[in-house]
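Coordinate inspection notes
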Amino acid sequence: MDICKIPENSSKCTVNTMECFMVLSTQAQKISIATLCGLFGTLCVFENSLVLYLIFSSPGTRRKPSYIFISSLALADILASIIFVCSFVNFHVFNKTDFSKETFLLQLGGVNTSFSASLSSLLLTALDRYISISRPSEYKLLMTRKRAWVALGVLWVTCAAIASLPLLGWNCCTLDSTCSELFPFVDGNYLSSWVCFIMVLLGCIVYAYAHVLWRAHQHVAYMEKHQAQVGKQNTRMRMDVMLAKTLVMVLTVLVLCWSPVLILMIYSIFARLSNHLRKVFAFCSTLCLLNSMVNPIIYALRSKELYSSLRMVFAQFRRQLKTFEESPETETTHKSSVIETVCEDTRVT
């Protein structure tokens, strides 16, 4: 099999070179990618849409800054799943190349914006919990709704601006620079900068949650030393233990889903990638989609308020379904009685 060489300068920046990045060589690989993207993408859109509905259908939750951040996370994950699945499957499975360089960079910018906004929303959620546990008495003064919306505005504008740089000119075709081995038309220096940006986000998230874990551990240790005081303190201790378990789950999923992609990106900056590693990168990219699918389960549906709202929605749905199932039977019974009456009248006549 011929090995396609990745272009290193703008003289080879043509749409035809995009075929070099189509690393899925067998039908089984394409079916696997399509199945993973279809499954993760569908569940991601459904779960996050449900989270948005639960948050904004309740006046109590949509006013709280913590749920504002979670709604931003859900919106980013919905956009990420839709744009990523459509562009990724279209490129790697159907091998579509009938679009311009600008169109491809626009799609890539949408994917980068969505995933960056997702991680940034996780960071704001982490900072929200950091402030709530480190400065509980000042939390309501520090974390207001206005500040939450301003923070989200800055977040989305920053992510969109960074993701748009290749489309605005920071690409290897315009600059006549070294191209990335993982993405068509992407400048190697831009990829390095974007990886650093994501690493900073992940580092801040890990630091914030590590501090929350440490404070929770301190509180549990304090409560164990004062077992004589029961009641509310034992309840608080159970809440801290549950919070610690949730945060461990958060960090584990975050690291497992993003580490393979970031490691391969960093490796591609310093060394050439084989076709096998590029195939591994294609499959590892779906882990970021998996992270977007798991986010609503970890951040939203483990919330008592949203879980209660979800139970109410399901209960209402079951009542409506039961009413819908019973209505045809009632109508049929009514029609049968009418027919019997008509028959009896005919016999009498």
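What counts and how
Residues numbered from 1 in each chain as written. Predicted model: local features only at pLDDT ≥ 70, side-chain atom pairs only at ≥ 80, totals over all residues. Heavy atoms only, no water. Core = buried A, V, L, I, M, F, W, Y, C linked by side-chain atoms within 4.5 Å. Buried < 20%, exposed > 50% of the residue type's maximum accessible area, 1.4 Å probe, protein only. Helix = DSSP H or I, 4+ residues; strand = E, 2+ residues; numbered from the N terminus. Contact = heavy atoms within 4.5 Å. UniProt positions renumbered as here; feature names shortened; annotations may be inferred. Phe/Tyr/Trp six-rings, centres within 6.5 Å; stacked < 30°, edge-to-face > 60°. Lys NZ or Arg CZ within 6 Å of the ring centre and 35° of its normal.

**Notes on the nonpolar core**
In this structure, F84, L119, F183, I198, W258 and M265 are the most contacted members of the largest nonpolar core, which totals 65 residues. When contributions to this core are tallied by element, the ones reaching two or more residues are α1 (27-56), α3 (65-92), α4 (101-134), α7 (172-175), α8 (188-225), α9 (232-270) and α10 (275-300). With sequence-adjacent residues up to four places away left out, L119 is seen in contact with I198, L201, L202, I205, L254 and W258. Formed by 12 residues, the second largest nonpolar core is a distinct cluster that contains F69, A76, M143 and L152.

**Details of the UniProt feature "transmembrane region" (unreviewed entry) in the protein**
The UniProt feature table records "transmembrane region" (unreviewed entry) at residues 31-55, 67-92, 104-127, 148-170, 190-210, 246-268 and 280-301. A distance of 36 Å separates the end C-alpha atoms of residues 31-55, which is 100% helix and 0% strand. Secondary structure content for residues 104-127 is 100% helix and 0% strand, and the end C-alpha separation is 34 Å.

**Digging into the packing of aromatic side chains**
For the structure on display, the rule yields 7 aromatic pairs. On the basis of an interplanar angle of 75° and a centroid distance of 5.8 Å, the ring pair of F84 and F115 is categorised as edge-to-face. Residue F84 is located in helix α3, and its partner F115 is located in helix α4; the two are separated by 31 residues in the primary sequence. Relative accessible area serves as the criterion here: at 6%, F84 is assigned to the buried category. Judged by its relative accessible area of 6%, F115 falls in the buried class. For the ring pair F115 and W258, a centre distance of 5.9 Å and an interplane angle of 85° mean the geometry is edge-to-face. Within this pair, whereas F115 is found in helix α4, its partner W258 is found in helix α9, the two being separated by 143 residues in sequence. Overall, W258 belongs to the buried group, its relative accessible area being 3%. One aromatic cluster is present, built from ring pairs that chain together F84, F88, F115 and W258. Here the guanidinium or amino end of R278 rests over the ring plane of F21, the centre of that ring lying 5.8 Å away.

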